[in-house]
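Each chain, letter by letter, is given below.
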Amino acid sequence: MVNENEASGSSMEPQAPQEHTTRGKYPMKIFLYGLAAVVAFAAIIAAVAAFRATRQLSANPAVLQFANVLGLSVAKVNGIGISYAEYMGDMAILKKFYETQGAPPLSEDEISDQVLSRLVVSSLIKNYADAYSVRISAKEVEESPFLAQLIAPFSSRAAAEAEVKTRYGLTFDKYLKKVVYPVLLEQKLQEAFAMSTAD
């Protein structure tokens, strides 16, 4: 009679336990952990550098982007931060405006004070407008006498748009959002406030 083990071709010799080779996995894990540590360290260094740059009022695009991502602010009004990127953008706009006017140059601190006070006031107006449910539509902006007065000295709207681009470095739509909209919102808020206190 033939032994089943012999028939199947396997020997009766005991087999050595199979080794699970993990040698190749450990260097890969170490490499990945090391890479993660280097990336984390680089991110921390970049964050510290960007934070320091914001304290020195850097207008570097990378710093502005980083400040935007981190939500860094230059001031807080009623718990709402005034964005560092918005502040620096408005600083650049106001500097450009003064350069095109040929007026005596203002100091960096004077421009900063103007920008910061305007941003604080705008933030307060937005807060109160929300509280009184006051909104301004695009139609109200387009039909406003304020906008008509801005365009009146020019031969056309296109000429006004070109002048805004030259003076402020802004598109007309951005100018409407940054300048005209806040003025109209403030006017409408004053009306709403007057009506609420008259009752």
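Our structure's up above, just so we're on the same page.
Residues numbered from 1 in each chain as written. Predicted model: local features only at pLDDT ≥ 70, side-chain atom pairs only at ≥ 80, totals over all residues. Heavy atoms only, no water.

1. What to know about the packing of aromatic side chains
(1) Moving on: Applying the stated criterion across every chain yields a total of five aromatic pairs.
(2) Moving on: Considering the side-chain rings of Phe97 and Tyr168, the 5.3 Å spacing of their centres and the 5° angle between planes classify their relative orientation as stacked. Placement of Phe97 in helix 4 (residues 84-101) and of Tyr168 in helix 8 (residues 157-168) is noted, with a sequence separation of 71 residues between them. Just as Phe97 is buried, Tyr168 falls in that class too.
(3) Moving on: Taken together, Phe97, Tyr98, Tyr168, Phe172 and Tyr175 form an aromatic cluster joined through their ring pairs. (Phe/Tyr/Trp six-rings, centres within 6.5 Å; stacked < 30°, edge-to-face > 60°. Helix = DSSP H or I, 4+ residues; strand = E, 2+ residues; numbered from the N terminus. Buried < 20%, exposed > 50% of the residue type's maximum accessible area, 1.4 Å probe, protein only.)

2. Overview of the packing of helix 3 (residues 61-70) against helix 4
Any two packed helices are characterised by the angle at which their axes cross and by the distance between the axes.
(1) Moving on: It is at 8 Å that the axes of helix 3 and helix 4 come closest, and there the two elements cross at 145°. Note on element contacts: helix 4 touches helix 3 through Tyr84, Ala85 and Met88, opposite Val63, Leu64, Ala67 and Asn68.
(2) Moving on: Along the lines of polarity and charge, the residues of the contact of helix 3 with helix 4 split into six nonpolar, one polar and no charged. (Axes fitted to C-alpha atoms, helices over the stretch in contact; angles between N-to-C directions. Contact = heavy atoms within 4.5 Å. Nonpolar A, V, L, I, M, F, W, Y, C, P; charged D, E, K, R; others polar.)

3. A look at the pairing of strand 2 (residues 80-83)
(1) Moving on: Bridge count between strand 1 (residues 73-77) and strand 2: four bridges; the pairing is antiparallel. Residue Ala75 lies in a different strand from strand 2, and its bridge partner there is Ile82.
(2) Moving on: Where strand 1 folds back onto strand 2 in an antiparallel hairpin, the turn is made up of two residues, including Asn78, whose phi is positive at roughly 50°. (Pairing = 2+ DSSP bridges.)

4. Digging into unusual backbone geometry
Leave glycine aside and you will find that most residues have negative phi; peptide bonds, for their part, are mostly trans.
(1) Moving on: Unlike most non-glycine residues, Asn78 shows phi in positive territory, near 50°.
(2) Moving on: With respect to the helices and strands, the residue Asn78 is situated in the loop between strand 1 and strand 2.
(3) Moving on: Of note in the backbone geometry, Ser133 takes a positive phi value of approximately 55° without being a glycine.

5. Digging into a nonpolar patch on the surface
(1) Moving on: Taken together, the side chains of Met28, Phe31, Leu32, Leu35 and Val39 make up a nonpolar region of the molecular surface, amounting to roughly 490 Å² of accessible area.
(2) Moving on: In this fold, Val39 is placed in helix 2 (residues 25-55).
(3) Moving on: When its relative accessible area of 51% is taken as the criterion, Val39 is described as exposed. (Patch = residues over 30% accessible without salt bridge, like charges linked within 9 Å, V, L, I, M, F, W, Y side chains within 5 Å. Areas by Shrake-Rupley, 256 points an atom, 1.4 Å probe, with all protein chains shown as cover. Salt bridge = Lys/Arg side-chain N within 4 Å of Asp/Glu carboxyl O.)

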